[in-house]
Amino acid sequence: MAFHIPEFLAKYGPAHGWWAFPFERAIGQLQRMSTNYKQYEYEETIAQSWHRAANLKGLLLKEGCPETVWKCLPMFNTLVRPPSRGTLAIFDAEESDSFDESTADKHTLVPLPIEYGKVFQRARPGHFYPPDVVLSTHVQHLGLSYTTHTRHAGNGFILLHDTAAPFFIKHIVEFPESKHSNALQGTWLIGSHAMPTVYTSDPYMAWPELGARLWSVNMYPEVKAVMLSDVEAHSAWLELDTDMVVISLRRSLP
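Below or above, wherever it landed, is the structure these notes cover. (Residues numbered from 1 in each chain as written. Predicted model: local features only at pLDDT ≥ 70, side-chain atom pairs only at ≥ 80, totals over all residues. Heavy atoms only, no water.)

## Side note on the overall build of the protein chain
Then step 1. In terms of regular secondary structure, the protein chain is built from six helices and 11 strands.
Then step 2. For the protein chain, the proportion of contacts with a sequence separation of at least 24, taken over those separated by at least 6, is 61%.
Then step 3. For the protein chain, the accessible area works out to roughly 15,800 Å², and carbon and sulfur atoms hold 59% of it. (Helix = DSSP H or I, 4+ residues; strand = E, 2+ residues; numbered from the N terminus. Contact = heavy atoms within 4.5 Å. Areas by Shrake-Rupley, 256 points an atom, 1.4 Å probe, with all protein chains shown as cover.)

The following block contains the structure:
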């Protein structure tokens, strides 16, 4: 099997996009479900429990979820959320074991900080941005979790569609719906890009299948705002003195 790994990397991209660990993790979740050891009812009991948990989780993650139900999320996580440490958490992308108080008031509007307003003026000149916004440390997009870098370093280090430079998420801003025709809407990420490496050549460019690049550990001082829809994938990094190797966690070849 090991002899085929180079061929599989070239055909299917990074290994985390096609390895079997998510299936092994799902089997582990099924095995932990209570069946009361009733013969001939195992399959039905497991299937019902799985679908009930999945439907409840889907309701809690919907934008239109009633606030009363959404506030039950900590209890739901405590009762049924499977452990996800040491994994890419494909089934359950939330990494924290404890409920974060900052997410309890997810729907609470607060005044937009002045420094954020200046960032949005540079990002979208001439657009109107509402004075009150939702400031969050965590957001879900296409089934994956993205957080501020201070809350979870791995979920706060990403790649964007329009640039190859890694992006560190410093703040997450959610704009409410507005009747203003030129108002900013949706979820935005505020952060900084990594600087290019000082080396003239990148040794990882010879193996594009790996999805790895060499970047400086230093960030540009300018803070930028990007839309959540601009996110391409999570990324991982390994610091090497003044530089770092950054690898895309995209699950398929570009």
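What follows picks up the thread again.
## Here's the deal with the nonpolar core
Then step 1. Val139, Leu144, Tyr146, Ile158, Leu160, Phe167, Ile169, Ile172, Leu189, Val226, Leu228 and Val231 form the largest nonpolar core, which has 12 residues in total.
Then step 2. Taken together, the elements giving at least two residues each to this core come down to β4 (144-147), β5 (157-160) and β6 (163-175).
Then step 3. Counting residues per element, this core draws most heavily on β6, at three residues.
Then step 4. Those residues within four positions of Leu160 in sequence are excluded, and the remaining contacts are Phe167, His193, Val226, Asp230, Val231 and Glu232.
Then step 5. By size, the runner-up hydrophobic cluster in this structure holds 11 residues, among which are Phe120, Val173, Phe175 and Ile190. (Core = buried A, V, L, I, M, F, W, Y, C linked by side-chain atoms within 4.5 Å. Buried < 20%, exposed > 50% of the residue type's maximum accessible area, 1.4 Å probe, protein only.)

## Considerations on unusual backbone geometry
Of all residues except glycine, most have a negative phi; of all peptide bonds, most are trans.
Then step 1. The backbone of Asp241 shows a phi angle near 60°, a positive value even though the residue is not glycine.
Then step 2. Tracing the chain through its elements places Asp241 in the loop between β10 (231-240) and β11 (243-248).

## A closer look at the packing of aromatic side chains
Then step 1. This model, assessed by the stated rule, comprises five aromatic pairs.
Then step 2. A centroid spacing of 4.4 Å and a plane angle of 45° characterise the contact between Phe157 and Phe168, whose relative ring orientation is tilted. Of the two residues, Phe157 sits in strand β5 while Phe168 sits in strand β6, which places them 11 residues apart along the sequence. For the residue pair Phe157 and Phe168, the accessibility class agrees, reading buried in each case.
Then step 3. When the ring of Phe157 is compared with that of Trp237, the centres are 4.6 Å apart and the planes differ by 65°; the resulting orientation is edge-to-face. Placement of the pair is Phe157 in strand β5 and Trp237 in strand β10, with a sequence separation of 80 residues.
Then step 4. Among the residues examined, Phe157 registers a relative accessible area of 0% and is labelled buried.
Then step 5. Note on Trp237: relative accessible area 29%, which makes it partly exposed. (Phe/Tyr/Trp six-rings, centres within 6.5 Å; stacked < 30°, edge-to-face > 60°.)

## So, helix α2 (residues 21-31)
Then step 1. The set of residues buried in α2 consists of Arg25, Gly28 and Gln29. One face of α2 carries all of its buried residues, which in axial projection span an arc of 100°. Among the exposed residues of α2, those oriented more than 90 degrees off its buried face are Phe23, Glu24 and Gln31.
Then step 2. Of the surrounding elements, those touching the buried residues of α2 are α3 (42-61). (Arc of directions from axis to C-beta.)

## Digging into the pattern of salt bridges
Then step 1. Inspection of every chain in the model, using the stated rule, returns two salt bridges.
Then step 2. For Arg122, the salt bridge is made with Glu222, and the minimal N-O distance between the two is 3.8 Å. Note that Arg122 is positioned in helix α6 (residues 114-123) and Glu222 in the loop between β8 (212-219) and β9 (224-227), a separation of 100 residues in sequence.
Then step 3. A salt bridge links Asp202 to Arg213; the shortest N-O distance between them is 3.3 Å. With a gap of 11 residues between them, Asp202 in the loop between β7 (186-196) and β8 and Arg213 in strand β8 connect regions that are remote in the sequence.
Then step 4. Residue class for Asp202 comes out buried when judged on its relative accessible area of 16%. (Salt bridge = Lys/Arg side-chain N within 4 Å of Asp/Glu carboxyl O.)

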